[in-house]
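Here is what each chain is made of, one letter per residue.
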Amino acid sequence: MLLKYKNRGLCQIQTTFFFILYVLGVFSLSSIPDADAARTVKVGIYNNKPLVFMDDTGKPAGIFIDLLEHIAAKEQWALKYIYGSWPECLDRLESGDIELMTAIAFSAERAKKYNYTYETVITNWGQVFVSKGSEIKSILDLDAKKIAVKMEDIHFLGIRDLTSKFSMDCRFIESDRYETVFELIEAGRVHAGVVNRLFGIQNKANFLVQETPIMFNPIEVRFAAPKRSTLDILSTIDIYLQRMKAEKDPFYDQTLNNWLMAPSTWAFPTSAKYILVGVGLLFLLFTVMNLTLRTRVKHRTNELSVANVKLKEEVQTRENAEEELRKYEKIVASSTDHIAMIDLSYSFQAINDAALNAVGRFREDVIGKKAWEIFNGTTAHNIDKQRLDRAFSGQVVKYRAWMAFAHLGQRYMDVVYTPYVNADNKIAGCVVNSRDITERYELEKKLENAQKMEFMGTIAGGVAHDLNNILSGIVSYPELLLMQLPEDSALIKPIKTIKKAGERAAVIVQDLLTLARRGVANKQPVDLNEIITQFLNSPECSKIQSFHPDVHIKIALSDRLKAISGSSVHLSKSVMNLVSNAAEAMPNGGEIIITTRNIELDESINRDAEIRAGEYVLMEMKDRGMGISQEDLSKIFEPFYTKKVMGRSGTGLGLAVVWGTVMDHHGYIEVESDGHSGSVFKLYFPVSHDDPQSPARVADVQTYRGKGERVLVVDDIEEQREIASSILSALGYAVAIASSGEEAVSHVSRHSVDVVILDMLMPPGMDGLTTYREILKVRPGQKAIIASGFAETDRVKEALDLGVGQFIKKPYTIGDVGFALKKELMR
């Protein structure tokens, strides 16, 4: 901080006083020890006013010179000054050509090369100066500017490191003197220059320059000696500096006051006569002057103390700000989000490591480039420019889009453009924050697809339930009619056609139930190899091959395939649908390869299916067909979505049934296809440790006939009661009917029956399970059969556990009803 005296008269008196002391000192020269006995110290000096410099007469001057000469006088040192440029002085110090260097900033790096005094003479800062009228106000304004610096200056290193942290592209012009830095600014050859703060304030009036608020790099300026020299000179200087700072010697404060005030013009007396006359006056006034000087020194010392406190506060404030800035730099640098700054020219000013890794570029290849030059192909040029223009107008722009990155591939990004302002509170650009939300987006799509499948399954289930009731008459009555017609009746063929059509419709209904996740019957341990083999020998497989004679099926089944728990009917249907799909995909023929094997998984097979660790049976079906496009892959399991030939196998339910079957078996399905060279379907089923069971053989219908046993049919739909009654009557049973659970309980309480056939769903009254519970209260041990258009639900299983012996599915067939009755009566 500079202190300025304005009292010119006082300065003249002081000058005269010191001149007299000089004259008096001449008379005492005889008392000075011989020069040969004094120690000669070679001292390096350079121009850095007011710290050290050569004055107009060629004499060394400055704060460091005054302090050193004061110490040298007391220690009887003979000082030999060696003048040079700053780089020359450093070279001489390092080589040992000088024993002491003045006004050199301390740093850890320099301390490895030189020895320093422990005591700091003065603290200084680096400061940026610019030409008159320049608009440079902040560190960010220095980007892409030419900056004059003194070569090997510590503030040159400081400004270079500071601009590098902000990823700024600055060009530094090196000179050998601070005066040259100001000359370059004044001539307009550079935009700004860096000097130490004390030099700038002392010398700015001599040049057409002005200071800026940009201060940085607080340093301690000390004396230094070569690394290999003895430390006696530095130690002696430290002792004197400590004493002077402790106010045992006021020379330190006087020196700072002399050099840190603005210079005043004065002149020596023009005549020795006036000087001699003044001697007497000065001696008389000496005491008064001494008191006055001490008072002023003390006053200035207090001012310096206050200024020093303020300077320390300013330093602390700046250090806190720099610390906060470093924290933000670390946050931005360590963020996984892609963060960048773009200015109003659409060019990158800064970018973090995550964004650089994503685009596969180096920072120097990005800074200064246009946004669309770096993210070429991610978005259209005009769209990107429009979004940036909206941000530059003050809007916060948000959007999501798929983007292609060199090292990451296609990623779904959540992008936000936020405008930022400069020191004048004007928009200077925007901060771009891009977050990779690909995984979240795919999870959302997965949830959306699952909800859609659940919704469509619910609709399909409701339709299937109603169709089952309707089909009962079409499937059941033809059987009854065929039993009553003679073998040569002309009606047999059309009735069989009706029956076959009803059975085909029942198969479609069963597909709908599978889709609705309500169609899997009671699961048993089954051998998947046996199911595949039986299908390949079935009429359904022969029919597919008749449509596609150039398609050949090859199998590679594991010899020791473990059992799975499931429904052989539904698993066989899934195999059929996959084979049909593969054949349709190869219109010119080809191979379908079916393989099975045991597999143990410990993590997900893909990011869409989180498989629990454990043992699985894998069935893999591969074709060499046209493949499935990426667009179709997301739709192939939707009901009624098909690209097959309608009339052959194109119901649109095939893969939806496969998906429903796999889900009901607690399995997982994976599809691989590149869209042009075939597809691979992988079905994973959990292993069952029970032994596979062979399917029960169904006896001839004639063996189902009854002997007048009493059967109570309970169903809320009249047509279903009539169909069941007709079938049972034809089989020789005595039939009673009830239209509700309440009516059935009343009938059983009054009449004894051998078997009760209960419909599971009878809204709005009691369902089959509740009805059976009430029946057991009045007829413990009552035999019963549950019937339903759906498969076994949890309530059906609960009824079976309660004592119900059999379960049959609608629509009724004579074989199913007769077999279940015989089995229940024999239980």
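1. Overview of the overall build of the chain
Helix and strand counts for the chain stand at 26 helices and 28 strands. Among the 827 residues that make up the chain, the fraction classed as buried is 45%. Accessible area for the chain stands at about 43,200 Å²; split by element, carbon and sulfur atoms hold 53% of it.

2. Regarding the nonpolar core
By size, the foremost hydrophobic cluster in this structure holds 47 residues, and its most contacted members are Ile63, Leu100, Met101, Ile104, Ile122 and Ile237. Counting only elements with at least two residues in this core, the list comes to β1 (39–45), α2 (63–75), α3 (86–95), β5 (100–105), β6 (114–116), β11 (209–226), α8 (232–245) and α9 (251–259). Top contributing element to this core by residue count: α2, with 7 residues. The residues touching Ile237, leaving out its near neighbours within four places in the chain, are Leu68, Ile71, Trp77, Leu100, Thr117 and Phe223. Of all hydrophobic cores here, the second largest spans 35 residues; its members include Ile544, Leu561, Met586 and Trp659.

3. Quick notes on the environment of Leu561
Inspection of the secondary structure puts Leu561 in the loop between β18 (551–556) and β19 (564–566). Exposure remark for Leu561: the relative accessible area of 12% places this residue in the buried category. Spatially, the C-alpha atoms of Leu561 and Ile599 are 9.8 Å apart, while their sequence positions differ by 38 residues.

4. With respect to the sheet that holds strand β26 (residues 755–759)
Backbone hydrogen bonds hold the strands of a sheet together, and the pairing may be parallel or antiparallel. Spatial ordering of the open sheet is given by β25-β24-β26-β27-β28, a layout of 5 strands whose pairing is parallel. Since the sheet does not close on itself, it has two edges, and those belong to β25 (734–738) and β28 (806–809), each with one partner. Averaged over neighbouring strand pairs, the angle between their axes works out to 20° when direction is ignored. Two strands pair when backbone bridges link them, and strand β24 (residues 710–714) and β26 are joined in this way by 4 bridges, in the parallel orientation. Bridge pairing in β26 places Val711 opposite Val755. Those strands touched by helix α23 (residues 741–750) are β24, β25 and β26, and its axis lies near 160° from that of β24. Along the sheet, helix α24 (residues 768–778) contacts β26 and β27 (784–788); its crossing angle with β26, the most-contacted strand, is approximately 150°.

5. Overview of a nonpolar patch on the surface
Judged by side-chain polarity, Leu467, Ile470, Ile474 and Ile498 come together as a nonpolar surface patch covering roughly 330 Å² of accessible area. Per-element tally for the nonpolar patch: the top contributor is helix α15 (residues 438–484), with 3 residues.

6. Quick notes on a negative patch on the surface
Taken together, the side chains of Glu88, Asp91, Glu152, Glu174 and Asp176 define an acidic patch exposed on the protein surface. Here Asp176 shows up in the loop between β9 (171–175) and α6 (178–186).

7. Some points on the sheet that holds strand β23 (residues 679–686)
The strand order β18-β20-β21-β23-β22 describes an open sheet built from 5 strands, whose pairing is mixed. On the outer flanks of this sheet lie β18 and β22 (668–673), each paired with one strand and no other. Strand-to-strand, the axes of this sheet are offset by a mean angle of 20°, without reference to chain direction. Of the strand pairs in this sheet, β22 and β23 are connected by 6 bridges, and their pairing is antiparallel. In the sheet register, Ser673 faces β23, and the bridge partner there is Ser679. Packing of helix α19 (residues 568–584) onto the sheet brings it into contact with β18, β20 (590–601), β21 (614–623) and β23, and relative to β21 it is tilted by some 30°. In this fold helix α21 (residues 654–664) packs onto β22 and β23, with an angle of close to 140° to the strand it touches most, β22.

8. Observations regarding the pairing of β11
One ladder, built from 3 bridges, connects β5 with β11; its direction is antiparallel. Looking across to β11, one finds that Met101 is bridged to Ala224. Pairing analysis gives 3 bridges linking β6 to β11, with the strands arranged antiparallel. The partner of Asn115 across the bridge, within β11, is Ala225. Judged from the 8 bridges that link them, strand β7 (residues 122–131) and β11 form a sheet pairing that is antiparallel. Its bridge partner being in β11, Gly126 is matched across the sheet by Phe216.

9. Some thoughts on the environment of Gln545
As for its position among the elements, Gln545 is in helix α18 (residues 539–547). Residue classification places Gln545 among the partly exposed residues on the basis of a relative accessible area of 34%.

10. Details of the packing of α2 against α8
One way to put it is that α2 packs onto α8 with a least axis distance of 11 Å and a crossing angle of 110°. In terms of their interaxial angle, α2 and α8 are classed as roughly perpendicular. Taking contact as the criterion, the partners of Leu67, Leu68, His70, Ile71, Lys74 and Glu75 in α2 are, on α8, Thr236, Ile237, Tyr240, Leu241 and Met244.

11. Focus: the environment of Gly815
Of note, Gly815 is situated in helix α26 (residues 814–825). For Gly815, a relative accessible area of 17% puts it in the buried group. Note: C-alpha distance between Gly815 and Tyr704 (111 residues apart in sequence) is 7.6 Å.

12. Re the side chain of Ser673
Summarising the element assignment, Ser673 is placed in strand β22. There is a polar contact of 3.4 Å between the side chain of Ser673 and the side chain of Ser679. Ignoring sequence-local partners within four residues, the contact set of Ser673 consists of Gly627, Ile628, Gln630, Leu633, Gly678 and Ser679.

13. Focus: the confidence of the model for the chain
Of all residues in the chain, 81% have pLDDT values of 70 or greater, and the mean over the chain is 81. Segment residues 1–36 is flagged for pLDDT under 50; beyond a separation of four residues in sequence, or across chains, it makes 39 contacts in the model. In the predicted structure, residues 263–269 sits below a pLDDT of 50 and forms 8 contacts with residues beyond four places in sequence or in another chain.

14. Some thoughts on the pattern of salt bridges
As a working rule, side chains carrying opposite charge can pair if their charged atoms are close by. Scanning all chains against the criterion turns up 27 salt bridges. For Glu179, the salt bridge goes to Arg177, with nearest N and O atoms at 3.9 Å. Residue classification places Arg177 among the partly exposed positions, given a relative accessible area of 28%. Residues Glu672 and Lys682 are paired through a salt bridge, measuring 3.3 Å at the closest nitrogen-oxygen approach. With Glu672 in strand β22 and Lys682 in strand β23, this residue pair connects regions lying 10 residues apart in the sequence. Counted as one network, the salt bridges with shared partners bring together Arg177, Glu179 and Glu183.

Basis of the calculations
Residues numbered from 1 in each chain as written. Predicted model: local features only at pLDDT ≥ 70, side-chain atom pairs only at ≥ 80, totals over all residues. Heavy atoms only, no water. Helix = DSSP H or I, 4+ residues; strand = E, 2+ residues; numbered from the N terminus. Buried < 20%, exposed > 50% of the residue type's maximum accessible area, 1.4 Å probe, protein only. Areas by Shrake-Rupley, 256 points an atom, 1.4 Å probe, with all protein chains shown as cover. Core = buried A, V, L, I, M, F, W, Y, C linked by side-chain atoms within 4.5 Å. Contact = heavy atoms within 4.5 Å. Pairing = 2+ DSSP bridges. Axes fitted to C-alpha atoms, helices over the stretch in contact; angles between N-to-C directions. Patch = residues over 30% accessible without salt bridge, like charges linked within 9 Å, V, L, I, M, F, W, Y side chains within 5 Å. Salt bridge = Lys/Arg side-chain N within 4 Å of Asp/Glu carboxyl O. Lys, Arg positive; Asp, Glu negative; His and termini not counted. Charge placed at Lys NZ, Arg CZ, Asp CG, Glu CD. Parallel < 35°, antiparallel > 145°, perpendicular 65-115°, else oblique. Polar contact = N/O pair within 3.5 Å; in protein donor to acceptor, adjacent residues only side chain to side chain. pLDDT = per-residue confidence, 0-100.

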